[in-house]
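Residues per chain, in single letters:
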Amino acid sequence: MAAPIRLWRYKRIEETDDAGVTIIKSDLKFPPATVRPRYECQTQHPRTLNCVPKLAYFCIRSLLDSPDQLYYMGPARLRLSKDIADRVLLRALLPAWKTTEFSLLDVNPLLWATLVQIYENAPSLLSSYPIHLSDPHLPLLQQIPATQDFALITILDLQRCMQLTDDNIFELKVLHNLCALDVGGTKLSTHGVRRLSQLLLFDDKGGKRGPWALRILKMRGCASIDKDIYNYLLGFPLLCAADLRDTLCSVRNIKPPFFQARDPNIFDPSMSEAVEHLAKSHKGVFSHHKPVKLVVQERSFGQKRRPLSSSMDSRPKSNPSMHNSFWTLLPSEGTSRTGRPPVSRCTIQSGNTDALEIQQRRAEIQQRKAEREERLANRRQRDDEEDGRTSPPFPHDDDYGYPCGDCSCSCDDCEREGSGLNDDDDEDRFSSEEEEEEEEEEGEEEG
């Protein structure tokens, strides 16, 4: 069995000997945390079967040590039926199958890989398996080749992994089925991606070793990725999408054959959803039309993580914390019920410096807003005083700061409201003007 994958953090130390020669040492001061798989507890405490299972149960148990050799059986596959014998078989193999307590974390990865290769119509719950990066069986599962009858793809999520650096990225060389890689928010630089592209090698028999099948590479939030990244992305022959948001790269640095993609279904959703969308939108991208997924991550499963956002949303914010809290004793005076003189007492006031900062900032914003509104009101009042009238309410919302009746607005309602007349006043005004014109014409005829 191959050694498990461990992302060691190397600490470089420079020393100078008596002859003046500089010596660079690598100190393994930060060993990675070891996570014990949950399925090991099931192995140490085997379950007691209530009945004798089918012969297939013992055959499958005998194949657990060599899941990477099952491709030799060719296109031959078994099918699960709906009879009670197959249901008993799954319950005997999988603990708590078809119950609320069932979890793939309790299933041995070798058993999972054997079931999805043997049975053509394996249950949909087995289409994706979560596994830790340091699992000792992960290197063996990467030896399963992709054929026309079966395809196993690996999805590695190392988002915000502080252990990943340019020095230890070569540990991913054993992930031969790596399809999607997320290194967003890490310390990985362009040099690290260059080292990753150099892991594509051939063995003595001409077989491919390394991440040849990499199709999606997410590097969002990697501050050390610059425009030279395009020269090293060409080293991945099957790469389809690269997420370079919030890096030193810009649209002007894009070089052919790369172009700016506008498909949010690849970059915004999770890695599994992005791979499924890629398989649906591009026929034949995988050797089999229904590949099974091996979801690998460095952190413990079930641990919540804040998603990566843009650089504007990721600015540090001041949140109240317990170590910035304070308590104050304030003296106060009061009278007792018996009418005696006031007695000095103390009241307790609690607070938080961070919360006071936030309140002060909000008060300043409200004060600036009130001052701005006051300046606008004074300006409108001065304009009204210069015009010698008071501005009536505007009949519509699109005033843009113009006073009613101003020539800047050509609305008939504004002109009518600005003049202080309504529809009835307009009719009286028109009738009086007609009478004056008739009197003038009569006067001219008499003259």
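What counts and what doesn't
- Residues numbered from 1 in each chain as written.
- Predicted model: local features only at pLDDT ≥ 70, side-chain atom pairs only at ≥ 80, totals over all residues.
- Heavy atoms only, no water.
- Helix = DSSP H or I, 4+ residues; strand = E, 2+ residues; numbered from the N terminus.
- Buried < 20%, exposed > 50% of the residue type's maximum accessible area, 1.4 Å probe, protein only.
- Contact = heavy atoms within 4.5 Å.
- Pairing = 2+ DSSP bridges.
- Axes fitted to C-alpha atoms, helices over the stretch in contact; angles between N-to-C directions.
- Arc of directions from axis to C-beta.
- Salt bridge = Lys/Arg side-chain N within 4 Å of Asp/Glu carboxyl O.
- Phe/Tyr/Trp six-rings, centres within 6.5 Å; stacked < 30°, edge-to-face > 60°.
- Lys NZ or Arg CZ within 6 Å of the ring centre and 35° of its normal.

Draft legend 1. Summary view of the overall build of the protein. Each helix and strand in the protein was counted, giving 12 helices and 12 strands. A burial count over the protein gives 31% of its 447 residues as buried. Of the contacts formed within the protein by residues at least 6 apart in sequence, a portion of 67% connects residues at least 24 apart.

Draft legend 2. Highlighting the sheet that holds strand β4 (residues 152-157). Taken in spatial order, the six strands line up as β3-β10-β4-β5-β8-β9 in an open sheet, and their pairing is parallel. Of all strands in the sheet, those bounded by a partner on one side alone are β3 (128-132) and β9 (241-243). Direction aside, the axes of adjacent strands within the sheet are offset by 15° on average. Pairing of β3 with strand β10 (residues 292-297) involves five bridges; the strand directions are parallel. Considered in β10, the bridge of Tyr 129 is made with Leu 294. Across the sheet, helix α4 (residues 109-118) touches β3, β4 and β10, and the angle it forms with β10 is around 160°.

Draft legend 3. Spatial organisation of helix α3 (residues 84-93). For α3, the set of buried residues is Asp 86, Leu 89, Leu 90, Ala 92 and Leu 93. Projected down its long axis, α3 shows its buried positions confined to an angular sector of 160°, all on one face. Exposed residues on α3 whose side chains face more than 90 degrees from its buried face are Ile 84 and Arg 91. In this structure, the buried residues of α3 make contact with α2 (55-62) and α4.

Draft legend 4. Region of interest: the pattern of salt bridges. Within the structure shown, the criterion is met by eight salt bridges. The salt bridge partner of Arg 245 is Asp 268, with a shortest N-O separation of 3.1 Å. Of this pair, Arg 245 sits in the loop between β9 and α8 (264-267) while Asp 268 sits in the loop between α8 and α9 (271-281), and the two are 23 residues apart along the sequence. Through salt bridges that share partners, Asp 243, Arg 245 and Asp 268 make up one connected network.

Draft legend 5. Spatial organisation of the packing of aromatic side chains. Under the counting rule described, the total for this entry stands at six aromatic pairs. When the centroid spacing of 5.1 Å and the interplanar angle of 90° are considered together, the rings of Trp 97 and Phe 102 count as edge-to-face. Across the pair, Phe 102 and Trp 97 agree in class, each one buried. Above the plane of the ring of Trp 212 lies Lys 208, whose end atom (NZ or CZ) is 5.0 Å from the centre.

Draft legend 6. Representation of unusual backbone geometry in the model. Looking along the chain, the bond that leaves Pro 256 and enters Pro 257 is cis, with omega of 5°. When you line up the elements, Pro 257 lands in the loop between β9 and α8. Within the chain, Lys 98 stands out as a residue other than glycine whose phi angle is a positive 60°. Lys 98 gets classed as exposed once you look at its relative accessible area, which sits at 63%. The backbone of Arg 160 sits at a positive phi, close to 60°, despite the residue not being glycine. Taking relative accessible area as the criterion, Arg 160 reaches 27% and is therefore assigned partly exposed.

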